[in-house]
Structure formats: C-alpha cells, structure tokens
Amino acid sequence: MFLIKKICTSITTLFLVTVISFTILNVIPGDPILSKLGVDATKEQIVSLKKEYGLDKLKYIAYVEWLGDAVKGEMGQSIKYSTPVNKLISKRMGVTLNLASSAMIITILVGFPLGLLSAMRNKKKGDKFLSIFNMIGISVPSFWIGLLLLMIFGVYLKLPIKVVNQFLPAITLAISQISITSIYLKNIILEEMDKDYVKAGIARGRGKNEVIVTDVLRNILFPMLTIVSGLFIKILAGSVIVESLFNIPGLGSLMVLGVENRDYPVVQALVLYSAVVVIVINLFTDLLYSYVDPRVKIS
C-alpha cells in the first residue's frame, strides 16, 4: 500500500510537470520557426515547417499527441537541429552524468568531513574559519566561482586547457554543495548533541568527539540519507550554469540552447527527464527509509 501510494503520487506529479512545462513554453514570446529559418523566411516556408513540426495544431491537441508519444518514449524531433531529441540527449547524457558524479564525489569527500569537523570544533579555534568558508560557498554564485577559478588556473597559472576543463567544472559545481552539506550536517549533529543519550555518554567519562563519531553519526542515518539523495538533484540543476560557463556539451548547455532557440521538443524532453530523475531519487529514498525503519510506512 505504501509503495502504491508513492507511485500514484509520483505519476500525478509527473503529469502536472508536463502540463505546466508545455503551457509555459507555449505562452513565452518567440517563434521557433523564425529562430530556425531566420527573419527572411517566406510565409510559405513558415507555414510548411509549422505543419511539419505540428505547430499549426490546437494547443490541447498538440499536448495530447506529445504526451502520448512521451509515454512511448518518443520525444519528437528537434526544431533547431532537425535531429531526434532522444539522439541529442543520449549523446550528451554521459557528459552531464560524468560531471555530476565527479562533483558529487568531491562534495561527499570534502563536505561530510568538513561538517563533522565543524561540529567537533563548534565555538572553538578554527570554527570561525570554517563558518566563513561555508558562508562564502553559499553566498557566491557558481558562475562567479567558475570565472575566478578560470582566471586563477587558466590565466595566471596557465594550466593546460585539458586539465582546466577536466577538473574545474566539477570543483565549481561542488563548492556551494560542500558548504550546504557541511552546514546541514553540523546543525544535525549539534541538535543530536542535546539528547539524553549523548549527555549520558559524556557524563560516563567518554569524550564528546568520541560520542559523535561512535554514536551520533549512527543515529543520524536518516538525515544523512536526505543529504545524499538531495545532493545529486541540486548538482544536476547547477550543471546548467557550469556547462554553459565552461562550454561543456552536456544536457545543461543543451537546455540553455533549447530555450534560446525556442526548441520546444528539446526543452520539454529535458524538463520531463529531469522530473523523472527527481521523482525516482525521491521514491528510492522513501523506499530506503521504509526499509531501514518500517515505521515510516505508517507515517
């Protein structure tokens, strides 16, 4: 019953996403046909191309037809590139997944130890420096961090372009997530430190840091799962800016080009795939919660 309810909720959410994205794309200014043909296109060319891509149909009919194709996994053809959308996405998917995976690994390897260290050093020497680093990481936009890294490592240090393009995008994408993860984990640990079992452990002569490492981390499994599941979603969202900044041919840059060119099939497909990824990750996390603690099914 728990699984059925979650799946029904996910399907409803996915349906609403398709309706909203289709509606927004069809009310924003711009003409994808003129974007493809240019302003010198003849009326006959415009009418012919609109008919070819189904843009001459009533909006609700076009939506129903697109939804029917999407259910079958057919995302149509790109207006700008005259190529099947699925082919465009499959070519770029590996690039984005590689970038997102690298950024996530960096975030976990740096963010979790940093959050743990911040909790251990709370209100002690070094905590102020960690807090400043975290605030900078959250406050400074990713594109600005990327520009700074490009200037430092590409212009001043003159590192090879291959090295710059391989490491800097993932680092740029990870910095803000490192700060968010560190702050979130620190707050969770400090909140847990106020509980009775922690105070009892310290009262028995165990060190605070020992209690954190051996007891607290084990008892904050759920919040840590939330952090990890949310990380990949946030990193994928941030890849749009980073890929455009570093001229990386991934799904993020394809989304930007699709919006610029009013390439409706491309944008709709990317929005749908993004929604599916988010829903699947959240569904998997909920199922993992219910497996770890059956009481979650009841709530």
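Reading the values: the criteria
- Residues numbered from 1 in each chain as written.
- Predicted model: local features only at pLDDT ≥ 70, side-chain atom pairs only at ≥ 80, totals over all residues.
- Heavy atoms only, no water.
- Helix = DSSP H or I, 4+ residues; strand = E, 2+ residues; numbered from the N terminus.
- Buried < 20%, exposed > 50% of the residue type's maximum accessible area, 1.4 Å probe, protein only.
- Contact = heavy atoms within 4.5 Å.
- Areas by Shrake-Rupley, 256 points an atom, 1.4 Å probe, with all protein chains shown as cover.
- Axes fitted to C-alpha atoms, helices over the stretch in contact; angles between N-to-C directions.
- Parallel < 35°, antiparallel > 145°, perpendicular 65-115°, else oblique.
- Nonpolar A, V, L, I, M, F, W, Y, C, P; charged D, E, K, R; others polar.
- Core = buried A, V, L, I, M, F, W, Y, C linked by side-chain atoms within 4.5 Å.
- Salt bridge = Lys/Arg side-chain N within 4 Å of Asp/Glu carboxyl O.
- Phe/Tyr/Trp six-rings, centres within 6.5 Å; stacked < 30°, edge-to-face > 60°.
- Left-handed = near helix turned anticlockwise from the far one by under 90°.
- pLDDT = per-residue confidence, 0-100.
- Polar contact = N/O pair within 3.5 Å; in protein donor to acceptor, adjacent residues only side chain to side chain.

(A) Region of interest: the overall build of the protein. Looking only at helices and strands, the protein has 14 helices and zero strands in total. Traced from its N-terminal end to its C-terminal end, the protein shows the element sequence α-α-α-α-α-α-α-α-α-α-α-α-α-α. Taking all 299 residues of the protein together, the buried fraction comes to 37%. Taking contacts inside the protein between residues at least 6 apart in sequence as the whole, the part at least 24 apart equals 74%. Entry remark: accessible area of the protein is about 17200 Å², with carbon and sulfur atoms responsible for 68%.

(B) Highlighting the packing of helix α5 (residues 85-120) against helix α12 (residues 251-260). Interhelical geometry of α5 versus α12 gives an angle of 135° and a closest axis separation of 8 Å. By the angle between their axes, α5 is oblique relative to α12. For the pair α5 and α12, contact is made by L88, I89, R92, M93 and T96 and by L251, G252, S253, L254 and L257, respectively. In terms of residue class, the contact of α5 with α12 is built from six nonpolar, three polar and one charged.

(C) Summary view of the environment of G207. Assignment of secondary structure puts G207 in the loop between α9 (196-203) and α10 (208-219). Taking C-alpha positions, G207 is 21 Å from L221, a pair spaced 14 residues apart along the chain.

(D) Seen up close, the nonpolar core. In this structure, I189 and V216 are the most contacted members of the largest nonpolar core, which totals 35 residues. Elements with a contribution of two residues or more to this core: α5, α7 (142-156), α8 (161-192), α10 and α11 (221-245). Per element, the largest residue contribution to this core is 10 residues, and it comes from α8. Filtering out sequence-adjacent residues up to four positions away, V216 remains in contact with I189, E192, M193, Y197, V198 and V211. The next biggest cluster of nonpolar side chains, apart from the first, holds 19 residues, and it includes V85, I89, L254 and M255.

(E) Expanded view of the pattern of salt bridges. Using the criterion set out here, one finds two salt bridges in the structure. With its nearest N and O atoms 3.9 Å apart, the salt bridge here joins D69 to K72. Judged by relative accessible area, D69 falls into the partly exposed class, the value being 31%. The class of K72 is exposed, set by a relative accessible area of 59%. Here K195 makes a salt bridge to E192, at a shortest N to O gap of 3.2 Å. Its relative accessible area of 39% is what places K195 among the partly exposed residues.

(F) Representation of the packing of aromatic side chains. Here the structure, examined in full by the defined rule, presents three aromatic pairs. Put simply, the rings of F22, Y63 and W66 pair up and form one aromatic cluster.

(G) Layout of the packing of α8 against α11. Orientation of α8 relative to α11, taken along the N-to-C sense of each, is 150°, at an axis distance of 10 Å. Judged on the interaxial angle alone, α11 and α8 are roughly antiparallel. For the crossing formed where α8 meets α11, the hand is right-handed. Of α11, the residues touching α8 (which contributes P169, T172, L173, Q177, I180, T181, Y184, L185 and I188) are P223, M224, T226, I227, L231, K234, I235, G238, S239 and V242. Among the residues forming the contact of α8 with α11, the class breakdown is 12 nonpolar, six polar and one charged.

(H) Examining the confidence of the model for the protein more closely. Averaged over all residues, the pLDDT of the protein equals 83, while 96% of them reach at least 70. Confidence scores differ between elements of the protein, with helix α14 (residues 295-298) showing the lowest mean pLDDT of 54 and α5 the highest of 89.

(I) Quick peek at unusual backbone geometry. Even without being glycine, S82 reaches a positive phi, approximately 50°. Looking at the element boundaries, S82 is found in the loop between α4 (59-71) and α5.

(J) Local environment of the side chain of S182. The residue S182 is located in helix α8 in this model. Of note is the side chain of S182, whose polar atom sits 3.2 Å from the side chain of N134. Those residues in contact with S182 that lie beyond four places of it in its chain are G111, L114, G115, S118 and N134.

(K) Here's a closer look at the environment of S101. Relative to the helices and strands, S101 resides in helix α5. Along the primary structure S101 and D194 are separated by 93 residues, whereas in three dimensions their C-alpha atoms are 35 Å apart. A distance of 2.7 Å separates a polar side-chain atom of S101 from the backbone oxygen of L97.

(L) Representation of the environment of K123 in the model. In this structure, K123 sits in the loop between α5 and α6 (127-139). A relative accessible area of 76% means that K123 is categorised as exposed. Expressed as a C-alpha distance, the spacing of K123 and I188, which sit 65 residues apart in the sequence, is 16 Å.

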